[in-house]
There are 2 protein chains.
Amino acid sequence: MAYTKVEQDIVLEKLMDVFRSVGYDGASMTDLADATGLKKASLYHRFPEGKEAMAHAVLNHVANWNNAQIFDILVSSGPVEERLDTALKSIDTLYNGGRVACILRALSHGRAAEIFRSEIAEIFGKWVTAFAHVAGDVGHDPQSANRLGESTLIRIQGSLILAQTLHRPDLFQDALRDIKTDFLK
Amino acid sequence: MAYTKVEQDIVLEKLMDVFRSVGYDGASMTDLADATGLKKASLYHRFPEGKEAMAHAVLNHVANWNNAQIFDILVSSGPVEERLDTALKSIDTLYNGGRVACILRALSHGRAAEIFRSEIAEIFGKWVTAFAHVAGDVGHDPQSANRLGESTLIRIQGSLILAQTLHRPDLFQDALRDIKTDFLK
DNA sequence: GTCTATAGCTAGATAGAC
DNA sequence: GTCTATCTAGCTATAGAC
């Protein structure tokens, strides 16, 4: 019997945790098997193409989550402040308040970057577009809106790096606050 | 005969290139040997503790470079705009206009993070302190100066990630411009 | 679908000649 | 100091029983 979507989603979440915390090269099949509770041969049954296919599946899962929890929220109708609050809350949860790394960052460096760059670029692009959409809603012209979208993503990624390296999750919290201010000022 | 400092510095630069482009886990001894033009056994002669010692030496080299080219410049006397221009120019060169990754970022993720975090945190801290010093010079109170120092580093790291993943070095250039504006407005 | 067992390879690291 | 040759451990990946 085929595994259910829920079971596969749980496996994807576990795989994501490994890639996110130790990186693509740092994630061994043994690590991935241990994290999922499956044996290596069972993982290969689910992902015949091996580690690369696992990371692709994880990225696809992440893209779906982002579409539902962040992009759709940001471009929906309703008060701007409410949309921002909901999306920023999701982002805060996603990164556990600044205490965990970004899976996109983990897969966008080193040899992994060559493999996954286009997928990650697409997700990054959607973040920019979604935030630029909000910027347009609060009166920015298209060019200025786009720049605000870009600087929002820059703030998130940059603050995550500092938050983790300096053990200062408050830097991520500050960044989320600054982002909201940028849009509402 | 012992190798000269220049020879060793060249080796460190080559090692840095490898770590920066493929990450710590992604850098094999074969990669490192090929890049330096030395054989593996010769690398072990220079770095008896192996790969970890090489990365430590690279970080030490980077710290020295940063001290001379960035921190000392920023906290020197002289016109603020001149200091900023010189430091930002160095940063632009360091990251080849936004086209190469940051060695600190490369070593601050995954299993490498546990090993090198404190060294990297110290370098990051100096960046923040140096930029905060400039912020103080242009009239910010200590708390506000510190936040400006932090957001400067966030801008640099975040824009580097986007610049490389999206193949958009202009995002890094924009960030450098925004940084200057932040300080002079 | 999941497992045990293992093949084949490359990793980091070392011995010892020169 | 640098080299060739080699060791062992851990890697990705597969075969085949259940």
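Refer to the structure printed above.
These figures come from a predicted structure and were not determined experimentally.

Colleague: Before we move on, can you summarise the overall build of chain A with the specific residues and values?
Modeller: Secondary structure summary: chain A contains nine helices and zero strands in total. The linear arrangement of helices and strands in chain A, starting from the amino end, is α-α-α-α-α-α-α-α-α. Scaling as 2.2 N^0.38, a compact globule of 185 residues should have a C-alpha radius of gyration of about 16 Å, and chain A matches this with 18 Å. Each principal axis of the C-alpha atoms in chain A carries an extent, and together these give about 55 × 40 × 25 Å. Long-range pairs, those at least 24 residues apart, make up 66% of the contacts in chain A with a sequence separation of at least 6. Carbon and sulfur atoms provide 53% of the accessible area of chain A, an area that totals close to 8400 Å². For chain A, the distance from the average site of its 20 positive side-chain charges to the average site of its 24 negative ones is 4 Å.

Colleague: For the packing of aromatic side chains, give the residues involved together with the corresponding values.
Modeller: All names here are of chain A. Under the criterion given, the structure shown has twelve aromatic pairs over all chains. When the ring of F71 is compared with that of W127, the centres are 6.2 Å apart and the planes differ by 80 degrees; the resulting orientation is edge-to-face. Linking F71 in helix α4 (residues 51-74) with W127 in helix α7 (residues 111-137), this pair joins segments that are 56 residues apart in sequence. Exposure remark for F71: the relative accessible area of 7% places this residue in the buried category. An aromatic cluster is defined as three or more aromatic residues linked by ring pairs; in this entry it consists of F71, W127, F131 and F183.

Colleague: Tell me what's going on with the environment of B:I179, and back it up with residues and numbers.
Modeller: Residues and elements named next belong to chain B. Relative to the assigned elements, I179 resides in helix α9 (residues 169-184). Owing to a relative accessible area of 0%, I179 belongs among the buried residues under this scheme. As for I179 and V62, which are separated by 117 residues in sequence, their C-alpha atoms are 22 Å apart. Beyond its immediate chain neighbours, meaning those up to four positions away, I179 contacts L88, T152, R155 and I156.

Colleague: Before we move on, can you summarise the protein's contact with DNA strand D with the specific residues and values?
Modeller: The environment of DNA strand D is made up of 17 residues, and the closest members are A:M29, A:Y44, B:K39, B:A41 and B:S42. In DNA strand D, atoms within 4 Å of the protein come 64% from sugar and phosphate. In this structure, a phosphate oxygen belonging to DNA strand D sits 3.4 Å away from a side-chain N or O atom of A:K51. Here a phosphate oxygen of DNA strand D and a side-chain polar atom of B:R46 are 3.0 Å apart. Looking at the surface near DNA strand D, the elements with two or more residues in it are α2 (29-36) and α3 (40-46) of chain A together with α3 (40-46) of chain B. Of the residues belonging to the surface near DNA strand D, the class tally is eight nonpolar, five polar and four charged.

The rules behind each value
Residues numbered from 1 in each chain as written. Chains lettered and ligands numbered in written order. Predicted model: local features only at pLDDT ≥ 70, side-chain atom pairs only at ≥ 80, totals over all residues. Heavy atoms only, no water. Helix = DSSP H or I, 4+ residues; strand = E, 2+ residues; numbered from the N terminus. Rg over C-alpha atoms; globule rule 2.2 N^0.38 Å. Contact = heavy atoms within 4.5 Å. Areas by Shrake-Rupley, 256 points an atom, 1.4 Å probe, with all protein chains shown as cover. Lys, Arg positive; Asp, Glu negative; His and termini not counted. Charge placed at Lys NZ, Arg CZ, Asp CG, Glu CD. Phe/Tyr/Trp six-rings, centres within 6.5 Å; stacked < 30°, edge-to-face > 60°. Buried < 20%, exposed > 50% of the residue type's maximum accessible area, 1.4 Å probe, protein only. Near = heavy atom within 4 Å. Polar contact = N/O pair within 3.5 Å; in protein donor to acceptor, adjacent residues only side chain to side chain. Nonpolar A, V, L, I, M, F, W, Y, C, P; charged D, E, K, R; others polar.

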